[in-house]
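# Observations on chain architecture
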Amino acid sequence: MPKDASSRRAFLGAGALLGTALGACRTQESAPPAEQELPSLLGEPVRRYGARSPHETAARAIRETQTPEASSSRTPLGDSYGTVTPSALHFERHHAGVPAIDPAEHKLLIHGLVERPLVFSVDDVKRLPSVSQPYFIECSGNSGGEWSPAGAPTVQLSHGLAACSEWTGVPLKMLLAEAGVQAGAKWLLAEGADACKMQRSVTLEKALDDALVAYGQNGEALRPEQGYPLRLVLPGWEGNANVKWLRRIKLTEGPQYVKDETSKYTELMEDGKAWIFTLEMDAKSVITSPSGGQTIGAQGYREISGLAWSGRGKIVRVEVSTDGGGSWAEAKLQEPVRTKAFTRFTLDWQWAGGEAVLLSRCRDETGYVQPTLAELIAERGRKSAYHCNRIKGWKVAADGSVSNAQA
Amino acid sequence: MRKLEARRRRATGELSVNCCPGRKDSGEQNRRMGRRIALWAAVPALAAGIVSAQQYGLGRSAGTDEIAAWDITIGPQGKGLPHGAGAAREGAQVYEVRCKECHGEAGAGGDQVGFVGKPEQLVGEKTVRNVGSFWPYATTLFDYTRRAMPFDRPGTLTDDQIYAVTAYILYLNGIVGEDETMDAETLPQVKMPNRGGFIRDPRRKP
């Protein structure tokens, strides 16, 4: 966020035309005092691996646990631009720490109901025809706190278990074709090489549709905490099933009912029954700027910007309300809109200086519209903990400070 | 229906593209090619258009020992359970030394979740989801303990110890007796109280 006054002033100065076009009420600020230019200093020399400006401090927020290896960190979505999450800021959720893996030693075994059990080295996988696609990954526990009416104070805490990267890898169906899938196979078990050998059951239907075995993220190798050297990417499916440090795929007749698809990542209904294999992520949107914890500054033009995504395809429409849901305006979507990826939306806004409540709601290509908390509760009760995609609100106070509208 | 058709087309389209990087001798290539076409022809016969054609010849075949060493998957019917046995009486000792510091006295919970509960606790104001109240299969308890616990030193328990500590946690829930031996035969027969508690996700599909 360019928060400092000088950049804002420069923007407003240069934006005189824009200001009139939008009928803006421009802030009256005096011109900056004439400064004397200092002799130039030489800058830093070239370097092998870049680092961001020391002025930029956005960082993941870590959840403190007794066992830091079984924990999570959240993406600072409030400081995000565009649709790609920098790899270093991609949220984390580990169940037994980040393993140190030598890619030369790593292998991927495909076995079970196959014609030819095969072992692939990382180099084998990289030789195959590759694809690169941006996909979001979202933990199904993201926005878990939003099940309570109050919700979280910042977008990092409320929605930061989601991120979007361009993933490079090979379609899983290509590897499966090499091994030859037997007729009885309907599911597969994917297992990681971390200390707990994290595993999930995945339908063969998904594997043959758009699943990837990825080795690249945002133009370079996967980060260790994102599964280096190989991970499963199941576009649109809950994060936990996108098994990291992928080392084994076993084709099976049915699901295995592993701990993380029974004890966890299932949704308890009010009658005591639980939904199981709730794998697709429902459409969701949230305003990232302005959002809780930020301040708007002076009244006048202020772009509203946010992110929308759906595990079932493309986002087709995002609407934004600045009056708590009284009226809605259609936001502009950043093109191209990609399937199962973050979609950036923006809306021109004139902040008149008073209190405002900002909401966003999205619709995906299946016609699904993001629900309110009341609608979610009517469908699922209050105990399901996961898959909360309620409409989220931010309140702008008269002094320009932004906070959680539900608080 | 349309979707299946599209998927079938995608799959077959994929199979008809270039024959692959030439590391194989041509006889091998022809054999592969023949097999590929045969399998391609067979594709529609397989449910859901399953792909099966070795096109690139990458990856090496996996040895049976290699597979056995890695295949720790245990199915809900007990498929894959190893040899070994144990009962709650021995399991209590394993628990005391290897689990209690995190999961509390007699599975009551501590820094980490507890293990004792009943399905009745899945409704009402304050619900409890744990092994006793919620888990549908006892095999999952063995599988998870073997692959992931104790948290700081997974893989350090023998299969006998894992059967024993599994038996102990089931015993704490009144699901098995103190001297009832758990092994590859008996564990899959244990019916967890919440076995029928799960339903498939009814959310609207695209």
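Residues numbered from 1 in each chain as written. Chains lettered and ligands numbered in written order. Predicted model: local features only at pLDDT ≥ 70, side-chain atom pairs only at ≥ 80, totals over all residues. Heavy atoms only, no water.

## Some remarks on the overall build of chain B
Counting its regular elements, chain B contains 7 helices and 4 strands. Secondary structure elements of chain B, listed N to C terminal, follow the sequence α-α-β-α-β-α-α-α-α-β-β. Counting over 206 residues, chain B shows a buried share of 42%. Long-range pairs, those at least 24 residues apart, make up 58% of the contacts in chain B with a sequence separation of at least 6. (Helix = DSSP H or I, 4+ residues; strand = E, 2+ residues; numbered from the N terminus. Buried < 20%, exposed > 50% of the residue type's maximum accessible area, 1.4 Å probe, protein only. Contact = heavy atoms within 4.5 Å.)

## Focus: helix α4 (residues 88–98) of chain B
All names here are of chain B. Three or more residues of α4 are buried, namely A88, G91, V94 and Y95. Buried residues of α4, seen end-on, are gathered within an arc of 105 degrees and therefore sit on one face of the element. Across from the buried face of α4, at angles greater than 90 degrees, the exposed residues are Q93 and V97. Looking at the buried residues of α4, the elements they touch are α5 (100–103) and α7 (159–172). (Arc of directions from axis to C-beta.)

## Let's talk about unusual backbone geometry
Residue and element names in this part refer to chain A. In this structure, the amide linkage connecting S289 to the following residue, P290, adopts the cis form with an omega of 0 degrees. With respect to the helices and strands, P290 occurs in the loop between β16 (284–289) and β17 (300–301). Of the consecutive residues E335 and P336, the connecting peptide bond is found in the cis state with omega at -5 degrees. Structurally, P336 can be placed in the loop between β21 (332–333) and β22 (343–347). If you check the backbone angles, Y257 has positive phi at about 55 degrees while not being a glycine. If you trace the backbone, Y257 turns up in the loop between β13 (246–252) and β14 (267–268). The residue F277 is not glycine, and still its phi comes out positive at about 55 degrees. Inspection of the secondary structure assignment puts F277 in the loop between β15 (274–276) and β16. On the basis of relative accessible area, F277 is assigned to the buried category, the value being 4%.

## Considering the sheet that holds strand β1 (residues 60–61) of chain B
Hydrogen bonds between backbone atoms are what pair the strands of a sheet, whose relative direction is either parallel or antiparallel. Strand order in the open sheet made by the 6 strands is β9(A)-β8(A)-β13(A)-β4(A)-β5(A)-β1(B), with mixed pairing throughout. Taken across any chain shown, the strands that pair with only one partner, and hence form the sheet edges, are β9 (199–203) of chain A together with β1 of chain B. (Pairing = 2+ DSSP bridges.)

## Some words on the interface of chain A and chain B
Counting residues at the interface gives 73 residues for chain A, matched by 60 residues for chain B. For the pair chain A and chain B, the two sides together bury roughly 6,000 Å², of which 57% comes from carbon and sulfur. At the junction of chain A with chain B, the criterion picks out 6 salt bridges. A salt bridge links K107 of chain A to E66 of chain B, with the nearest nitrogen and oxygen atoms 3.0 Å apart. For the interface between chain A and chain B, the tally reads 25 residue pairs in polar contact (both at pLDDT 80 or more). (Buried area = accessible area lost by both parts, 1.4 Å probe. Salt bridge = Lys/Arg side-chain N within 4 Å of Asp/Glu carboxyl O. Polar contact = N/O pair within 3.5 Å; in protein donor to acceptor, adjacent residues only side chain to side chain.)

## A look at the domain arrangement of chain A
Residue and element names in this part refer to chain A. Here chain A is described as being made up of domain 1 (61–275) and domain 2 (284–405). Here the C-alpha centre of domain 2 lies 26 Å away from the C-alpha centre of domain 1. At the junction of the two partners, domain 1 supplies 44 residues and domain 2 supplies 38 residues. A combined buried area of about 3,400 Å² lies between domain 1 and domain 2, and 57% of that area is made up of carbon and sulfur atoms. Broken down residue by residue, the surface that domain 1 buries against domain 2 is led by F136, W147 and E270, which jointly contribute 23%. Here domain 1 and domain 2 share 4 salt bridges between them. One salt bridge in this structure joins D210 and K340, with 2.8 Å as the shortest N-O distance. Applying the counting rule to domain 1 against domain 2 returns 23 residue pairs in polar contact (both at pLDDT 80 or more). Contributing elements (two or more residues each) for the side of domain 1 that touches domain 2: β6 (131–138), α4 (155–159), β7 (162–171) and β14. Among the elements that make up the side of domain 1 that touches domain 2, the one with the highest residue count is β6 (4 residues). Taken together, the residues of the side of domain 1 that touches domain 2 break down into 19 nonpolar, 17 polar and 8 charged. (Domains from an automatic or database assignment. Nonpolar A, V, L, I, M, F, W, Y, C, P; charged D, E, K, R; others polar.)

## Looking at the sheet that holds strand β20 (residues 329–330) of chain A
Residues and elements named next belong to chain A. The sheet built from 5 strands is open, its strands ordered β20-β19-β24-β25-β26 with antiparallel pairing. Edge positions in the sheet fall to β20 and β26 (402–404), since each of these pairs with one other strand and no more. The pairing of strand β25 (residues 393–396) with β26 spans 3 bridges and is antiparallel. Within β26, the position partnered with V396 by the bridge is V402.

## Structural notes on the pattern of salt bridges
Under the defined criterion, the tally for this structure stands at 34 salt bridges over all chains. As a salt-bridge pair, R60 of chain A and E225 of chain A come within 3.0 Å of each other at their nearest N and O atoms. Remark: E225 of chain A occurs in the loop between β11 (220–221) and β12 (231–233) and R60 of chain A occurs in the loop between α2 (16–21) and β1 (61–62); sequence separation between them is 165 residues. Under the relative-accessibility criterion, E225 of chain A is labelled buried at 14%. Connected through shared salt-bridge partners, E191, R247, R248 and K250 of chain A together with D71, D143 and R147 of chain B make up one network.

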